[in-house]
Amino acid sequence: MLVCHMKPKFEGGNMSLWKLKKNQKAQITGFSKELDIKFKKRLMDMGIYENGHISCFLSTPFSGPRLYSVEGTMLSLTSEIARNIQVKPLS
Amino acid sequence: MDQVLLIGKPNSGKSLLFNRLTGLNQKVANFPGVTVEVKNGEMDGVKIIDFPGLYTLDALTRDEEVAIENLKKSFEGNPSIVCILDATRLERSLVLGLQVQELAAQMNCPLVFVINMMDVILNNKINFDLKELEKKLGSKIIPISAKSKVGLVELKDTIKKMVNFPQEFSVVSDPERLGQDHVKTARDYTQKWGPKGDVILKKQGILDKIFLSGFLGGVVFFLIMAFLFQAIFTWAVPAMDLIEEVIAQLGTYVGGLVSHTMLKDFIQDAIFGGLGSFLVFVPQIFVLTFIIGILEDSGYLARAAIICHRPFSFFGLNGRSFIPFLSGYACSIPAVMATRTIESPKKRLLTIFTIPLMVCSARLPVYALLVTAFIPNTMIMGGFFNSRGMVFFGLYLFGIVTALIVSAVLSQTTFKKEADSPFLIELPPYRVPHWKPLIQKAFTSSAQFVTKAGLMIFTVTVVIWVLGYFPHGADQLDSSWLAWIGKKFEWFFQPLELDWKYGVAIIVSFLAREVFVGTLGTMFGIEGADENIAGLADNITASGMSLGAGISLIIFYSIALQCVSTLAVIKKETGSFRFVIYQFLFYMGLAYLLSWMGLHLVNYFF
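On a predicted model such as this, the values are computed, not experimentally measured, just so you know.

Student: What am I meant to see in the overall build of chain B here?
Tutor: Helix and strand content of chain B: 27 helices and ten strands. Counting across all 606 residues of chain B, residues that qualify as buried make up 54%. Total accessible area on chain B is roughly 26500 Å²; 64% of this is exposed by carbon and sulfur atoms.

Here you go:
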């Protein structure tokens, strides 16, 4: 298993990416410790790295994968992954 | 011959560029023993190798590991490297580009960067400081557009130069960059010199709001799927009829040239009869590969995978299982090969395990025969639906429902401990597909089907013919070697109320399902049973077979894994003989059990 299914807790104005609402922008502030290192590396290669910007573009019905726009590309992430990414919403 | 490696991300326009460079001069080959497919082509005496698309050189799954190991191995022969970057998504493609460049420097391979899709940048009048980027990267950059053929002449000249004077193209990277993380370097370079702004994203977002929104997205999805099935069953028909006709005529003609009775029987029944019943499916595979190709290149398939992800994950599968399942409706062989795109080993195995339950085109003639023989032709529900049509639809549904249930059960039992990885897709931009590579791909997969399955089916037909013909010649089936073998296995099929003839037909169709109709046809003594399904159906009905036995036979065919070619491909793709044996026995047991239950249910109620 590359991802832990427990819901990690974030503090200090941070929240999980999955909580980000549609059209909301945020800065990526970290990853939960449960995330496998190999998988974290892949996310970084795909554009999700600390201090980078991300915004929720579209959510699909029944909590399906959501679309996030990251540095010029569009990624589809499931709750499994998005819950392990820590972000700080930008006003 | 000098070698040039094309390396780039998926959807970077690599395949189109490869086509532009090599024209029709190309071959598809697998690395021996692994599942990485590599295309070879030739350009003015230089061998061009199109490596499969990679996201990064850090492997996440076993399949990527194999691909990357092979890439590194290929570098040992000091080939020239052409690394493709995507101008519309420079930062992301630069991450891979920098990794490849580093590897090229270590292995002493000459390298050039190609920046594709420059037409988009130029059309939108976006600033892009190529000169400075080239200087910082320390390798030559050639801006091109594979689509509008801009820059291809310069690229071809550069490739020839690189092959002859490799030292001029060795990598001289900026010392400041040493030790720096590639992700960071890619970001710095793009921010400083790359194109400004999200060029494509803004326009494309509107399309995603249509294709991925709840209700509308679902409607579009079902419309596209309906179109696909219509195409397989209508567009392919004229070509299928033509093939059937040509082979029948050819058989009669060649048969007419031979005067020897036995040889004539052999040529007409075994060679042309057997070959015809199987070549007929080639147009369907061609149409399916072509349409799936259009969906893939346009960017829609990635969206379809997202739509299917949630419902599929409920059954232990994943959105990426959708494409292999779809191919499975034509033939399991390309479908099993299509599972290579599933990153999670667990979900890949589950998908491979359940693909054979999709109603492949080889089951079609079998269903057509059995449904005609056992289901009365009436109009139901106020005359809107035909009863046989409904049963057909029901059989398709039965396939996918059984697949989902089997997958749900096995993901919690047999495959529970297999390595898993989450669903993650980078959405390719929507694009208008280019027809040339698509036609080529459709030809390749049709040819693969013919060579992989053809020999097997041909062999079976010949063996059946010999066993059924000897020792007493035509019209003596009951005393043939085939009957002798069939009667030995009668005990096995007795509980399903099937006699030895059906037993033989079932046994031989473990080699390939479509052999069933031909075998039964030969045994009922009808010439050209494949062409005349109605006549054979009448014979079956007249032989006094009960409705229950008929239903049990249909159930058996919809579940049993009766296809040696599929088993061979699965063995190759999974690398595990145990997997294949388990899968075979599993479906055998399930088919037997459910047919038996079907038989008794029908006998109880009717």
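Student: Whenever I open this one, the packing of helix α3 (residues 90-107) of chain B against helix α7 (residues 182-193) of chain B confuses me. Can you help?
Tutor: Angle between the axes and distance between the axes: these two values describe a pair of packed helices. Residues and elements named next belong to chain B. Interhelical geometry of α3 versus α7 gives an angle of 125° and a closest axis separation of 8 Å. By the angle between their directions, the pair α3 and α7 is classed as oblique. Relative to α7, α3 is oriented so that their crossing is right-handed. Contact residues: Leu90, Glu91, Leu94, Val95, Leu98, Gln99 and Glu102 in α3; His182, Val183, Thr185, Ala186, Arg187, Tyr189 and Thr190 in α7. Taken together, the residues that form the contact of α3 with α7 break down as seven nonpolar, four polar and three charged.

Student: When you look at the nonpolar core in this model, what are you seeing that I'm missing?
Tutor: One broad rule of soluble globular proteins: the nonpolar side chains tend to lie buried together. Residues and elements named next belong to chain B. Among the nonpolar cores identified, the biggest contains 92 residues, and Phe322, Leu498, Phe516, Leu553 and Phe556 are the most heavily contacted of them. The biggest single contributor to this core is helix α17 (residues 363-374), with eight residues. If near-sequence neighbours (up to four positions away) are discounted, Phe322 is found in contact with Phe221, Met225, Leu301, Ala304, Cys308 and Phe312. Residues Leu57, Ile81, Leu98 and Leu111 belong to the second largest nonpolar core, which totals 42 residues.

Student: Please clarify how the packing of aromatic side chains should be interpreted in this entry.
Tutor: The geometry of an aromatic ring pair comes down to the distance between the two centres and the angle between the two planes. All told, the structure shown has 22 aromatic pairs over all chains when counted by the stated rule. Counting every residue linked through ring pairs, the aromatic cluster contains Phe353(B), Phe415(B), Phe579(B), Tyr582(B), Phe586(B) and Tyr587(B). Above the ring of Trp18(A), the side-chain terminus of Arg66(A) is found at 3.6 Å from the ring centroid. Geometry around Tyr430(B) places Arg303(B) over its ring, the cationic atom sitting 3.9 Å from the centre.

Student: Any chance you could explain the confidence of the model for chain B here in plain terms?
Tutor: Note: predicted coordinates in regions of low pLDDT should not be interpreted at a detailed level. Residues and elements named next belong to chain B. On average, residues of chain B score 82 in pLDDT, and 89% of them are at 70 or above. Per-residue pLDDT stays below 50 along residues 30-35; that stretch engages in 16 contacts with residues further than four places along the chain or on separate chains. Per-residue pLDDT stays below 50 along residues 526-531; that stretch engages in 14 contacts with residues further than four places along the chain or on separate chains. As a predicted assembly, this complex carries a pTM of 0.79 together with an ipTM value of 0.86.

Student: Help me understand helix α25 (residues 547-559) of chain B, please; the structure alone is not making it clear to me.
Tutor: Three or four residues apart is the spacing at which side chains of an α-helix point the same way, because the helix has 3.6 residues per turn. Residue and element names in this part refer to chain B. Here α25 contains 13 residues, and its C-alpha end-to-end distance of 19 Å stays within 8% of the 18 Å for a straight helix at 1.5 Å per residue. Of all 13 residues that make up α25, eleven are buried, and the element is covered over most of its length. Among all positions in α25, only Gly548, Ala549, Gly550, Ser552, Leu553, Ile554, Ile555, Phe556, Tyr557, Ser558 and Ile559 are buried.

Student: Would you mind showing me how to read the environment of Phe75(B) here?
Tutor: Counting through the fold element by element, Phe75(B) comes out in helix α2 (residues 62-75). Measuring from C-alpha to C-alpha, the distance between Phe75(B) and Ile247(B) comes to 48 Å, with 172 residues separating the pair along the chain.

Student: Teacher, can you tell me more about the pairing of strand β2 (residues 25-31) of chain A here?
Tutor: Look at any regular strand and the pattern is simple: side chains alternate between the two faces of the sheet. Residues and elements named next belong to chain A. Bridge count for β2 against strand β3 (residues 53-58) is three bridges, and the pairing is antiparallel. Residue pairing in the sheet places Gln27 in a bridge with His53 of β3. As judged from the five bridges shared by β2 and strand β6 (residues 85-89), these two strands associate in the antiparallel manner. Across the sheet, residue Ile28 finds its bridge partner in β6, namely Val87.

Student: It is not clear to me how the pattern of salt bridges should be interpreted in this structure. Could you clarify?
Tutor: Residue and element names in this part refer to chain B. A full pass over the atoms with the stated rule returns 16 salt bridges over all chains. In this structure, Arg89 and Glu426 form a salt bridge, with 2.9 Å as the shortest nitrogen-oxygen distance. Within this pair, whereas Arg89 is found in the loop between β5 (80-86) and α3, its partner Glu426 is found in strand β10 (residues 424-427), the two being separated by 337 residues in sequence. Comparing Arg89 with Glu426 shows no difference in burial state: the two are buried. One network of salt bridges, in which partners are shared, links Lys9, Asp86, Arg89, Glu426 and Arg431.

Student: For this particular structure, what's the right way to read the interface of chain B and chain A?
Tutor: Interfaces are frequently sized by the accessible area removed from exposure as the parts join. Chain B puts 32 residues into the contact, and the matching count from chain A is 33 residues. Both faces considered, chain B and chain A share a buried interface measuring about 3200 Å² in area, 65% of it formed by carbon and sulfur atoms. Counting the surface chain B buries against chain A, the share from its top three residues, Leu60(B), Pro422(B) and Leu424(B), is 21%. For the pair chain B and chain A, the number of links is one salt bridge.

Reading the values: rules and limits
Residues numbered from 1 in each chain as written. Chains lettered and ligands numbered in written order. Predicted model: local features only at pLDDT ≥ 70, side-chain atom pairs only at ≥ 80, totals over all residues. Heavy atoms only, no water. Helix = DSSP H or I, 4+ residues; strand = E, 2+ residues; numbered from the N terminus. Buried < 20%, exposed > 50% of the residue type's maximum accessible area, 1.4 Å probe, protein only. Areas by Shrake-Rupley, 256 points an atom, 1.4 Å probe, with all protein chains shown as cover. Axes fitted to C-alpha atoms, helices over the stretch in contact; angles between N-to-C directions. Parallel < 35°, antiparallel > 145°, perpendicular 65-115°, else oblique. Left-handed = near helix turned anticlockwise from the far one by under 90°. Contact = heavy atoms within 4.5 Å. Nonpolar A, V, L, I, M, F, W, Y, C, P; charged D, E, K, R; others polar. Core = buried A, V, L, I, M, F, W, Y, C linked by side-chain atoms within 4.5 Å. Phe/Tyr/Trp six-rings, centres within 6.5 Å; stacked < 30°, edge-to-face > 60°. Lys NZ or Arg CZ within 6 Å of the ring centre and 35° of its normal. pLDDT = per-residue confidence, 0-100. Expected span 1.5 Å × (residues − 1). Pairing = 2+ DSSP bridges. Salt bridge = Lys/Arg side-chain N within 4 Å of Asp/Glu carboxyl O. Buried area = accessible area lost by both parts, 1.4 Å probe.

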